[in-house]
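What follows is the residue order along each chain.
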Amino acid sequence: MNFDYSKLRVKEGSKVSLKEYPTLEDGGFTKKSAKEEVKLNIKELKKLQEMFYADDRYSLLIILQARDAAGKDGVIRHVMSGINPQGCRVHSFKTPTRNELEHDYFWRHYVALPQRGMIEIFNRSHYENVLATRVNPQWILNERIPGYSTVEAIDKQFWENRYEAINGVEKHLYQNGMRILKFFLHVSKEEQKERFLSRIDEPDKNWKFSSADLQARAQWDAYDRAYEEMLEKTSKPHAPWFVIPADKKFFTRVAVGDIILELFRSLDLRYPPAESPEVLAKARTELTRE
């Protein structure tokens with residue numbers, strides 16, 4: 001299938017309305033054909049990852065942001081299942097700990113960034129600091145930032161400063177060899193409801209449901225506005241956002257895998273030079289004589 005993923009990419013400086021981005025899309029795939037596509041992607045990704053690791057010049061940061069039940073864990077499990085675990089890590093960010101709050105908000109994310117040759121997947125990320133805190137600004141007070149001791153003090157310029165800082169960090173990382181792909185898994189309110197009900201009704205899924213999920217659902221419109229501004233302010237050529245339809249999980253997984261592969265193919269990956277043919281021939285002779 002040749003789906004045009006460029007239409008899911010947020011163009012730098014564009015005005016974003018999530019209503020204009022689909023949540024329901026199959027890309028011409030069925031569940032069966034999508035499963036085959038994912039298998040093919042995994043096979044190629046495994047090969048390219050080995051070269052990526054050996055090349056040792058680039059690193060890759062994959063950021064997954066989404067509402068609850070949008071399918072982040074499923075994407076990680078299915079799309080990255082063929083990756084050598086020595087070259088890939090997943091980091092899930094929860095509510096900041098007391099120690100993490102003793103540092104600036106980016107600190108805990110910075111220390112988890114991938115080294116050269118490595119792939120790091122952020123399940124939620126530093127963007128929670130312009131999403132969850134944007135919708136719930138009282139949480140900013142836990143950071144004890146000078147000049148922001150009340151919610152009223154957290155003005156528009158505060159958020160502009162955060163966007164500017166995030167863009168600056170990501171540009172710095174890119175200039176030093178890190179490639180960044182950012183995916184917002186876009187699920188509809190109706191589909192989220194069905195997935196929540198499934199988690200409640202099926203005993204083996206009960207553990208996935210939290211009553212806190214309903215609080216975020218009650219703030220749906222506020223999160224919409226926060227997501228839209230985040231996408232507008234932080235989608236850059238060196239660190240693009242893709243709004244991935246997430247109502248059909250099989251297409252979500254295909255799309256993320258295809259986009260990751262497209263990035264790998266665009267890099268001038270190569271294996272490091274081997275020792276000279278003479279040295280290899282001598283080593284072979286010594287080994288065969290043993």
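Structure report, in brief. (Residues numbered from 1 in each chain as written. Predicted model: local features only at pLDDT ≥ 70, side-chain atom pairs only at ≥ 80, totals over all residues. Heavy atoms only, no water.)

**Thoughts on the sheet that holds strand β2 (residues 88-92)**
The condition is simple: When DSSP finds at least two bridges between two strands, those strands are taken to pair. Helix and strand definitions follow DSSP, with helices as H or I runs of at least four residues and strands as E runs of at least two, each counted in order from the N terminus. Angles here are taken between N-to-C directions and fall from 0 to 180 degrees, while the axes themselves are lines fitted to C-alpha atoms, restricted in helices to the stretch in contact. Residues count as neighbours in contact if any of their non-hydrogen atoms are within 4.5 Å of one another.
Ordered by their spatial adjacency, five strands build an open sheet running β2-β3-β1-β4-β5, and the pairing between neighbours is parallel. Both edges of this open sheet fall to β2 and β5 (241-245), since each of them pairs with a single strand only. Shown here is a sheet whose adjacent strand axes are inclined to one another by a mean of 20 degrees, direction ignored. Bridge analysis of β2 against strand β3 (residues 119-123) gives five bridges, and the strand direction is parallel. By the bridge assignment for β3, V90 is matched with I121. Against the sheet, helix α2 (residues 72-79) makes contact with β1 (59-66), β2, β3 and β4 (178-186), and its axis sits at roughly 145 degrees relative to β1, the strand it touches most.

**A few points about the packing of helix α1 (residues 31-55) against helix α10 (residues 249-266)**
As a reminder of what qualifies: By the definition adopted for this analysis, an angle is roughly parallel if under 35 degrees, roughly antiparallel if over 145, roughly perpendicular if from 65 to 115, and oblique otherwise. Left-handed describes a crossing whose near helix is turned anticlockwise from the far helix through less than a right angle; right-handed describes the clockwise counterpart. Residue type decides the class: Asp, Glu, Lys and Arg count as charged, Ala, Val, Leu, Ile, Met, Phe, Trp, Tyr, Cys and Pro as nonpolar, and the leftover types, Gly among them, as polar.
In the contact formed by α1 and α10, the axes pass within 9 Å of each other and the chain directions differ by 30 degrees. The angle between α1 and α10 falls in the class roughly parallel. Of the two possible hands of crossing, α1 and α10 adopt the one that is left-handed. The segment α1 lies against α10, with K31, A34, E37, V38, N41, E44, L45, L48 and F52 engaging F250, R253, V254, G257, D258, I260, L261, F264 and R265. Residues of the contact of α1 with α10, tallied by class, amount to ten nonpolar, two polar and six charged.

**Observations regarding the nonpolar core**
To keep it simple, the criterion reads: Here, nonpolar core means buried Ala, Val, Leu, Ile, Met, Phe, Trp, Tyr and Cys residues that are tied together by side-chain atoms lying within 4.5 Å of each other. Each residue is assigned to one of three classes by its accessible area relative to the maximum for its type, calculated with a 1.4 Å probe on protein chains only: buried under 20%, partly exposed between the two thresholds, exposed over 50%.
Core analysis: the largest hydrophobic core is formed by 44 residues, its most contacted members being M80, F183 and I260. Elements with a contribution of two residues or more to this core: α1, β1, α2, β3, β4, β5 and α10. Sorting elements by how many residues they give to this core places α10 first, with ten residues.

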